[in-house]
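Chain residues, written in single-letter form:
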Amino acid sequence: MNPVLEVRDLAKVFGGISAVNGVSFEVHEGEILGLIGPNGSGKSTLFNCILGQLAPSAGQVRIDGSEITGMRPCQLNRLGVGRTFQLLQVFPQLTVRENLILAGQEHKGSMWSRLVGRRDAGVGAAAERMIEFFRLGTLAGEKAGALSYGQQKLLDVAMAFMAGPRLVLLDEPAGGVNPTMLAGLRERLREINAAEHATFVVIEHNMEFVMSLCTRVLVLDQGAIIAEGTPEQVRSNPAVIEAYLGH
Amino acid sequence: MKKVFFAVMLCSLVAAPFALKPYGIYLLTLWVVMTIAAIGLNLTLGYAGQISLAQGAFVGIGAYSAALLTTQGWPLWCAFLIAIALSLAIGWLLGYPALRVQHHYLAFVTLSFATLVYLMLRNEEWLTKGVYGVSNIPRPTLLGWSTKGAVEFYFFCLGILALVSIATWWLVRSPWGRAFTALRENAIRADSLGVDTRRYTLMAFAFGSAIGGIAGVLYAPMVQFIEPTAFNLNLSLNLLLMVMVGGTGYFLGPFLGAAVSVLLPEWMRFGSEGLYLIFYAIAVMALMAVCPTGMLGLAERFLKR
């Protein structure tokens, strides 16, 4: 069976700086892969190359065996690939409900039906389910800009799941989220993973979060993979310890 | 409360021409036409966040379509169709630079386009009659109802404003409106959620320009004589001012902005001994300094307190 995501010899060069240097890995259905590494190791650049935000300098990306290198983010999203960004990316002037409807509306009907059809584009019920699932019920009618940082982070993650994606790439979902909310987020991700058999790739600096959520971990340093294995194997890997601690 | 407000406004607009002299009716009709043009720009700039300094050019394209066709005996509805189609197509093409450049760079691209249209209107005499302009533009007769009189033509324009307002209200409340807002607030995130930002950008330009074209089709029979200067950069800047002063991205912003731009200077003219434009400029600068989100932004701020 084809892996859900397959990255082959991916490279990205900015001028004379090689941010991603021939990275190859696979992610299989239902897997939660952690991607860790020190600041500047190329994690977010790798995400952006996979997801069409940046054009890779070399290499290929395949989803379910089909090459998707260079596809636009909106096309990838329609293929069932969701993502979150390192920095908060909600739409502050839209309400929580509208943010979620927006995140799902382009997957229903045509441009024409979205102009003349229902206001919620037929995804209102799905948005309500997502609001309930992520415990955002009391905030549904609030503008996203009025929410706390942690609540916006939850909304950000919820939006990535609105289209029922098969593969979701989460860039630092735990950043700035308090421990209680973080435990809730981890629980939600596990539930979706178990119920929908969704596949995740998670970039995170919070080691406790990564080690408790991920089934496999890749370690990136200076644009290249330096270690791979289960959380326990990676934790005790000397190359990883050196990359993080510098000795 | 909102319904009462709209009912009062509508009644006032219907009753107003009966209480006004011809110049007052002309100003009110001009307000209606400029409101339509500003609604189009508000769609492109206010909702979708794409700055355009070319809206005056689309009013010109609409006005010349109406003037050239109706003086040749074509009915005004044909001019409407042709002006809408032309503005839609040209607006779509003008949207392409917006896929590459943004903000003040995009403003310069659209400014160049506005200048190009003005030069074409002035220099292509074989088509536009150049600086001599087009005169004797007839007002339409609709199903036996003549709009030759100032009051009748005002009601005709008011009817078109109502139709444009309803269509725009529908559009901004539809999933398209939500996508436009997403495009304005965070195009990269919108793209990652499956929103085809390229197509929506082009649509925002096309629809906003088409509404500008509709305003132009009304402008020509309103003044009954047009020449290129009426559609130079001043008009585009004035329309931009209307949208900014009213409040970008507010549905009622263009109505208020057009009132400030069209009616306020005339009202200030009385008793100011020729200094009214200076007072007007100071008033606008003060408003922009106090509330960059326009009059409706200011009102919203007060209501939230």
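Residues numbered from 1 in each chain as written. Chains lettered and ligands numbered in written order. Predicted model: local features only at pLDDT ≥ 70, side-chain atom pairs only at ≥ 80, totals over all residues.

**A few points about the overall build of chain A**
Just so we agree on the cut-off: For the purposes of this entry, the term helix denotes a DSSP run of H or I that reaches at least four residues, the term strand denotes a run of E that reaches at least two, and both are numbered from the N terminus. With the radius of gyration taken over C-alpha atoms, the globule rule is written as 2.2 Å times the number of residues to the power 0.38. Put simply, a residue is buried when 20 or more other C-beta atoms lie within 10 Å of its own C-beta and exposed when 12 or fewer do; between those, it is partly exposed, and each C-beta is set from the backbone. We call two residues in contact if the C-beta atoms placed from their backbones are at most 7 Å apart.
The secondary structure content of chain A amounts to 10 helices and 10 strands. For a compact globule of 247 residues, the expected C-alpha radius of gyration is about 18 Å, and chain A comes in at 18 Å, within 12% of that figure. Its C-alpha atoms give chain A principal-axis dimensions of roughly 55 × 40 × 35 Å. Counting over 247 residues, chain A shows a buried share of 45%. Residue pairs in contact within chain A that sit at least 24 positions apart in sequence constitute 66% of those at least 6 positions apart.

**Overview of the sheet that holds strand E5 (residues 66–67) of chain A**
All names here are of chain A. Under the convention used in this document: Any two strands are treated as partners once DSSP identifies two or more bridges connecting them.
The sheet built from four strands is open, its strands ordered E2-E1-E4-E5 with antiparallel pairing. On the outer flanks of this sheet lie strand E2 (17–27) and E5, each paired with one strand and no other. Bridging between strand E4 (residues 58–63) and E5 involves two bridges; their strand directions are antiparallel. Of the residues in E5, the one forming a bridge with Arg62 is Glu67.

**Notes on the interface of chain B and chain A**
Stated formally: Three classes are used: nonpolar for Ala, Val, Leu, Ile, Met, Phe, Trp, Tyr, Cys and Pro, charged for Asp, Glu, Lys and Arg, and polar for all others, with Gly counted as polar.
The interface is formed by 18 residues belonging to chain B together with 27 residues belonging to chain A. Listed by contribution, the elements that provide at least two residues to the side of chain B that touches chain A are helix H8 (175–185) and helix H9 (187–192) of chain B. Tallying contributions element by element places H8 of chain B first for the side of chain B that touches chain A, with six residues. By residue class, the composition of the side of chain B that touches chain A is six nonpolar, six polar and six charged.

**Considerations on the packing of helix H11 (residues 233–246) of chain B against helix H14 (residues 294–304) of chain B**
The description of two helices packed together rests on the angle between their axes and the distance between the axes. Residue and element names in this part refer to chain B. How we decide: What counts as an axis is a line fitted to C-alpha atoms, over the stretch in contact for a helix, and the angles between N-to-C directions run from 0 to 180 degrees. Orientation categories follow fixed angle ranges, with anything under 35 degrees roughly parallel, anything over 145 roughly antiparallel, 65 to 115 roughly perpendicular, and all other angles oblique.
The N-to-C vectors of H11 and H14 enclose an angle of 0°; their axes lie 3 Å apart at closest approach. Comparing their axes, H14 and H11 come out roughly parallel. Packed against H11, whose contacting residues are Met244, Val245 and Gly246, the element H14 presents Gly294, Met295 and Leu296 at the interface. Residues of the contact of H11 with H14, tallied by class, amount to four nonpolar, two polar and no charged.

**A word on the environment of Ile51 of chain B**
Residues and elements named next belong to chain B. By the secondary structure assignment, Ile51 is in the loop between helix H2 (22–47) and helix H3 (55–70). With 55 residues separating them along the chain, Ile51 and Leu106 place their C-alpha atoms 6.6 Å apart. Aside from chain neighbours lying at most four places away, what touches Ile51 is Leu45, His103, Leu106 and Ala107.

**Description of the domain arrangement of chain A**
Size of an interface, as often reported, equals the accessible area lost when the parts are brought together. Residues and elements named next belong to chain A. Selection rule: Note that domain bounds follow an automatic or database assignment of domains.
Taken domain by domain, chain A consists of domain 1 (30–56 + 69–90 + 152–245) and domain 2 (93–146). Distance between the C-alpha centres of domain 1 and domain 2: 24 Å. Contacts between domain 1 and domain 2 engage 12 residues on the former and 14 residues on the latter. At the level of secondary structure, the elements contributing two or more residues to the side of domain 1 that touches domain 2 comprise helix H6 (149–160) and helix H7 (179–196). The leading source of residues in the side of domain 1 that touches domain 2 is H6, at five residues. Each residue belonging to the side of domain 1 that touches domain 2 can be placed in one class, and the counts come to eight nonpolar, two polar and two charged.

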